[in-house]
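Residues per chain, in single letters:
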Amino acid sequence: FQKYFADYYSEIDAPFYVAIGNHDYTLNEQAQVEYSALNSQWIMPALYYSHKHPESNPIADFIVLDSDLPNTTQSLWLDDVLRKSHANWQILCAHHQIFAASVDQEMAVEGFHNMLVPNFCGRFQIIISGHEHNKQVWQMDEGNGCKYKQIIIGTGGHLLFDTRQFIAQTGLTPDYYSTNFGFGYFEVRSDRINYQLISVTGTMAGTLEEGILTDVT
């Protein structure tokens, strides 16, 4: 934690709301939760949790999921959170994506998709993920009114994966794809989400308006 988090980000005056990932489960996933008590900048009260912003009259509910354990318990919890949400936006965050051009569509991803799409599609507008070591933006339409924006930002590590050869296998075309190092910046307003995917080679910008999925520019 000290080497890969505190030493890097201690000078940034902002909280980090953390999602559990697959590599955490190879060691001690509960340690990720327990570190919250040692560093106030690191926020992970549980393996999955929600955060309202602002706390009073929230514009957005950020719902952080455990994509490695898409089980009934988490599904029931998510149903309750979404049912009680009165925010303008319901934004899902998770380590794994629910759709991507991927080297290997692991069972965790398949199970995560199967938990979310049949049960919750239409109840969230956007899901932000990592895992794939590249950037992808997909405007998904799975039929029966199931539309959502999938944004993948996995370019903060030391390895990058080029999965363009797998895009053809999906039969679809992403709105955006990049294998350059970078990060994402989101501005959430009551009527829209403006976002930028910032890379060393340039910036892609897009807007998600309430009730309308718009093309990126």
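Residues numbered from 1 in each chain as written. Predicted model: local features only at pLDDT ≥ 70, side-chain atom pairs only at ≥ 80, totals over all residues. Heavy atoms only, no water.

Draft legend 1. Region of interest: the side chain of Asp-61. The topology assignment puts Asp-61 in strand E4 (residues 60–64). One polar contact links Asp-61 to Lys-52, side chain to side chain, over a distance of 3.4 Å. In this view, Asp-61 contacts His-51, Lys-52, Ser-85, His-86, Ala-87, Trp-89, Gln-90 and Ile-91; residues no more than four positions away in its chain are not counted. (Helix = DSSP H or I, 4+ residues; strand = E, 2+ residues; numbered from the N terminus. Polar contact = N/O pair within 3.5 Å; in protein donor to acceptor, adjacent residues only side chain to side chain. Contact = heavy atoms within 4.5 Å.)

Draft legend 2. Region of interest: the sheet that holds strand E7 (residues 135–141). One open sheet accounts for seven strands, arranged E3-E4-E5-E6-E8-E7-E9; its pairing is mixed. Edge positions in the sheet fall to strand E3 (49–53) and strand E9 (176–178), since each of these pairs with one other strand and no more. The mean angle between the axes of side-by-side strands here comes to 20°, regardless of whether they run parallel or antiparallel. In this structure, strand E6 (residues 126–129) lies alongside strand E8 (residues 147–153), joined through four bridges in parallel fashion. Residue pairing in the sheet places Ile-127 in a bridge with Gln-150 of E8. Each of E3, E4 and strand E5 (89–93) touches helix H3 (residues 72–84); the most contacted strand, E4, lies at about 175° to it. (Pairing = 2+ DSSP bridges. Axes fitted to C-alpha atoms, helices over the stretch in contact; angles between N-to-C directions.)

Draft legend 3. Fine view of the pattern of salt bridges. Across all of its chains, the model carries eight salt bridges by this definition. A salt bridge links Arg-164 to Asp-162; the shortest N-O distance between them is 2.5 Å. In this structure, the salt-bridge partner of Arg-189 is Glu-187, at a minimum N-O distance of 3.3 Å. Given the relative accessible area of 41%, Arg-189 is considered partly exposed. A single network of salt bridges, built from pairs that share partners, joins Asp-80, Arg-83 and Lys-84. (Salt bridge = Lys/Arg side-chain N within 4 Å of Asp/Glu carboxyl O. Buried < 20%, exposed > 50% of the residue type's maximum accessible area, 1.4 Å probe, protein only.)

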